[in-house]
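Topology and contacts: notes
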Amino acid sequence: MDTKYDIDSSIETGAGRPIVYVRTVKAEELPQEMRAQLGGRETLYAVHSTEGERLALVADRRMAFFLARQNDMEPVAVH
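A quick note: this is a predicted structure, and the numbers were derived from the prediction, not measured. (Residues numbered from 1 in each chain as written. Predicted model: local features only at pLDDT ≥ 70, side-chain atom pairs only at ≥ 80, totals over all residues. Heavy atoms only, no water.)

**Considering the overall build of the protein**
- In terms of helices and strands, the protein carries two helices and four strands.
- Ordered by position from the N terminus, the helices and strands of the protein form the series β-α-β-β-α-β.
- Among the 79 residues that make up the protein, the fraction classed as buried is 33%.
- The long-range share in the protein, meaning contacts at least 24 apart out of those at least 6 apart in sequence, stands at 49%. (Helix = DSSP H or I, 4+ residues; strand = E, 2+ residues; numbered from the N terminus. Buried < 20%, exposed > 50% of the residue type's maximum accessible area, 1.4 Å probe, protein only. Contact = heavy atoms within 4.5 Å.)

This is the structure:
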């Protein structure tokens, strides 16, 4: 979970800020090696590109939106 990732290089830019999607991820959906690092957390939030690539995985929804905006992306919630 502490792996560095260059978000800027994986986003296609167009006119304006690129859209990314924020969605809930249940701990049980993650690989065992990641679940071991969650400290009992049952829900996380993922930031995905428009192609579906997971760009980030964070502890809470506010952090996911903050992370996207700090990287000049426009976050949209997915249910």
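**Some points on the sheet that holds strand β4 (residues 74-77)**
- Spatial ordering of the open sheet is given by β3-β2-β1-β4, a layout of four strands whose pairing is mixed. Because the sheet does not close on itself, it has two edges, and the strands there are β3 (54-58) and β4. Here the average twist between neighbouring strands, direction ignored, is 30 degrees.
- Here four bridges tie strand β1 (residues 19-26) to β4, and the two strands are oriented parallel to one another. Bridge pairing in β4 links Tyr21 to Val76.
- Against the sheet, helix α2 (residues 61-70) touches β1, β2 (43-48), β3 and β4, its axis set at about 150 degrees to β4. (Pairing = 2+ DSSP bridges. Axes fitted to C-alpha atoms, helices over the stretch in contact; angles between N-to-C directions.)

**Brief notes about the nonpolar core**
- Within the largest apolar cluster, 11 residues are counted, these being Val20, Val22, Tyr45, Val47, Leu55, Ala56, Val58, Ala64, Phe65, Ala68 and Met73.
- Counting only elements with at least two residues in this core, the list comes to β1, β2, β3 and α2.
- Once residues lying within four places of it in the same chain are set aside, the contact partners of Val47 are Val20, Tyr21, Val22, Glu53, Arg54, Leu55, Ala56, Ala64 and Leu67.
- In this structure, Leu30, Leu38, Ala46 and Leu57 belong to the second largest nonpolar core, which totals eight residues. (Core = buried A, V, L, I, M, F, W, Y, C linked by side-chain atoms within 4.5 Å.)

Remember that the coordinates give geometry; whether it matters functionally is a separate question.
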